[in-house]
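A structural walkthrough
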Amino acid sequence: MFTEDFLLGLLRAKHIVVFTGAGMSAESGIPTFRDAQTGLWEHYDPHVLASPSGFLANKALVWGWYEWRRMQVLKAEPNAGHLAIADLMSYSERLTVITQNVDDLHERAGNRGVTHLHGSLHKPRCFDCGSPYTFPVGIPDEPAGSRRLEPPNCSLCNGPIRPGVVWFGEPLSSTDWNTAEKAAMECDVFFSIGTSSLVWPASQLPERAVLHGAKLIQINPTPTPLDSKAHYHFKGNVGEIMPALVTSLAEIF
Ligand code: APR
């Protein structure tokens, strides 16, 4: 599946960036944002569930939805693709992981310093003063019956705790964006994995990398706007392709 030239090029890379989207976690059973709107949630407008005004209008509904999604992540495990990306660290001088996902599966696979461009389900904060909130350890009991759940209150200012994700109408964290953009411009290999490359500004990163001389490698079973720009396109699931790639690297290392 991989030519020797391709593998040697990877081994020579000084800085590899791995940029991931919802498809990365699909094989762990984590639904995409839109797929998560099923069952009890299917009648809600995404802008109600994922915007500051939606939260202020119905805090228990929004907090309940994000807690339901967080529970799904806590019960899930990193898949073979996440583990292979962590293994890639053994074959590169520097590996930077940038994700649009709000789960912590890259970290649980072993990657450190992951940039979460769209925030994290695991880092809530006060809506009013921004102080971080720490969840109790473990998987809480699911609220019985209704999925509505009142958010906790901030221990400093008593404001409502909100999910630590980036909502519609909110800017990305400038620190996270600058880290991602710098890595894209500095790297010599950029993997785009499991993302439709449609959501701005994250979708700019692969092109930014190519403009600055990086080789672009895409892993995705379906077509994306990046197809014509990628130097290599592996059509398939990351949980199969990434482990095969790491095995091939180990053989010629
Ligand atoms: N392996 C690789 N790619 C996969 C797999 C898989 N096993 N399964 C699905 N995919 C691909 C799909 O073909 C699709 O191109 O993952 C992509 C998922 O696309 P989106 O659902 O649009 O996810 P993403 O690109 O991460 O969306 C960006 O939009 O919904 C918002 O904020 C949310 O972070 C998200 C952002």
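The residue numbers shown here count from 1 along each chain, following its written sequence. Given that the model is predicted, a residue must reach a pLDDT of at least 70 before its local features are reported, and side-chain atom pairs must reach 80 or more before they are shown or counted; all residues, however, enter totals for whole chains, interfaces and linings. The side-chain values count all of the structure's non-hydrogen atoms but skip hydrogen atoms and water molecules.

Some remarks on the domain arrangement of the protein chain
Buried accessible area, meaning the area lost when the parts come together, often serves as the stated size of an interface. An automatic or database domain assignment provides the domain bounds reported here. Annotation of the protein chain at the domain level lists domain 1 (1-28 + 78-120 + 172-253) and domain 2 (31-75 + 125-162). Taken over C-alpha atoms, the centre of domain 1 sits 29 Å from the centre of domain 2. Any two residues whose heavy atoms approach within 4.5 Å are treated as being in contact. Each side of the interface is counted separately: domain 1 has five residues, and domain 2 has four residues. What gets called buried area is simply the loss in accessible area from a 1.4 Å probe that two parts show on being joined, summed for both. Surface buried jointly by domain 1 and domain 2 totals about 300 Å² across both partners, of which 64% is contributed by carbon and sulfur atoms. By definition, a salt bridge exists where a carboxyl oxygen of Asp or Glu is found within 4 Å of a side-chain nitrogen of Lys or Arg. On the surface where domain 1 and domain 2 come into contact, there are zero salt bridges.

What to know about the site of the ligand
Around the ligand sit 19 residues in total, of which E27, T195, S196, N220 and T222 are the nearest. Whenever a nitrogen or oxygen atom comes within 3.5 Å of another N or O atom, the pair is scored as a polar contact, on the condition that within protein one atom can donate a hydrogen and the other can accept it, and that pairs from neighbouring residues in sequence are kept only if both atoms are in side chains. At a separation of 2.7 Å, an oxygen atom of the ligand approaches a polar side-chain atom of T195. Here an oxygen atom of the ligand and a side-chain polar atom of T222 are 2.6 Å apart. For the ligand, whose free accessible area comes to 730 Å², the fraction covered by protein is 77%. Looking at the shell around the ligand, the element that brings in the most residues is helix α2 (residues 22-26), giving three residues. For the shell around the ligand, a count of residues per class yields six nonpolar, 12 polar and one charged. Any residue with at least one heavy atom within 4 Å of a molecule or strand is counted as near it. Using a 1.4 Å probe, accessible areas were evaluated by the Shrake-Rupley method; residue-level cover was limited to the displayed protein chains. The secondary structure listing takes helices from DSSP runs of H or I that are at least 4 residues long and strands from runs of E that are at least 2 residues long, numbered from the N terminus. Residue polarity follows a fixed list, in which Ala, Val, Leu, Ile, Met, Phe, Trp, Tyr, Cys and Pro are nonpolar, Asp, Glu, Lys and Arg are charged, and the others, Gly among them, are polar.

Examining the pairing of strand β2 (residues 95-99)
Successive side chains on a regular strand alternate, one facing one side of the sheet and the next facing the other. In terms of burial, β2 is a largely internal element, five of the five residues being buried. Three exposure classes are used, based on accessible area relative to the maximum for each residue type with a 1.4 Å probe and protein chains only: buried under 20%, partly exposed in between, and exposed over 50%. Going residue by residue along β2, you find L95, V97 and T99 tucked away on one face and T96 and I98 tucked away on the opposite face as well. As defined by bridge partners, strand β1 (residues 16-20) adjoins β2 across five bridges and the pair is classed as parallel. For V18, the partnering residue across the bridge sits in β2 and is V97. Pairs of strands are assigned from DSSP output, requiring at least two bridges between the strands. Pairing geometry for β2 and strand β3 (residues 115-116), over two bridges, is parallel.

Remarks on the packing of aromatic side chains
The pairing test for Phe, Tyr and Trp rings, Trp by its six-membered ring, is centres within 6.5 Å, and the orientation test on the planes gives stacked under 30 degrees, edge-to-face over 60, and tilted for anything in between. All chains considered together, the criterion is met by 12 aromatic pairs. Ring centres of W65 and Y66 lie 5.0 Å apart, and the angle between their planes is 75°; this geometry places the pair in the edge-to-face category. We note that W65, like Y66, is buried. Here the aromatic residues F55, W65, Y66, F127 and W167 are joined through ring pairs into a cluster of three or more. As a reminder, the over-ring test applies to NZ of lysine and CZ of arginine, requiring each to be within 6 Å of the ring centre and within 35 degrees of the ring normal. The side chain of R69 reaches across the aromatic face of W65, ending 4.7 Å from its centre. Its end group placed over the ring of W167, R162 keeps NZ or CZ at 4.0 Å from the ring centre.

Overview of unusual backbone geometry
Residue W200 is joined to P201 through a cis peptide bond whose omega torsion reads 5°. Looking at the secondary structure, you find P201 in the loop between β6 (189-193) and α9 (204-211). Within the chain, N158 stands out as a residue other than glycine whose phi angle is a positive 70°. Its location among the elements puts N158 in the loop between β4 (119-126) and β5 (161-165). Assessed through its relative accessible area of 55%, N158 is described here as exposed.

A word on the environment of M185
Along the chain, M185 falls in helix α8 (residues 174-186). In this view, M185 contacts R208 and H212; residues no more than four positions away in its chain are not counted.

Structural notes on the pattern of salt bridges
This structure, assessed with the given rule, holds eight salt bridges. Between R162 and E170 there is a salt bridge; the shortest N-O distance is 2.7 Å. Taking relative accessible area as the criterion, R162 reaches 3% and is therefore assigned buried. Put simply, E207 and K229 hold a salt bridge, and the shortest N to O gap is 3.4 Å. With a gap of 22 residues between them, E207 in helix α9 and K229 in the loop between β7 (215-219) and β8 (232-234) connect regions that are remote in the sequence. What makes K229 partly exposed here is its relative accessible area of 35%. Several salt bridges share partner residues, and in doing so they unite R94, K182 and E186 into one network.

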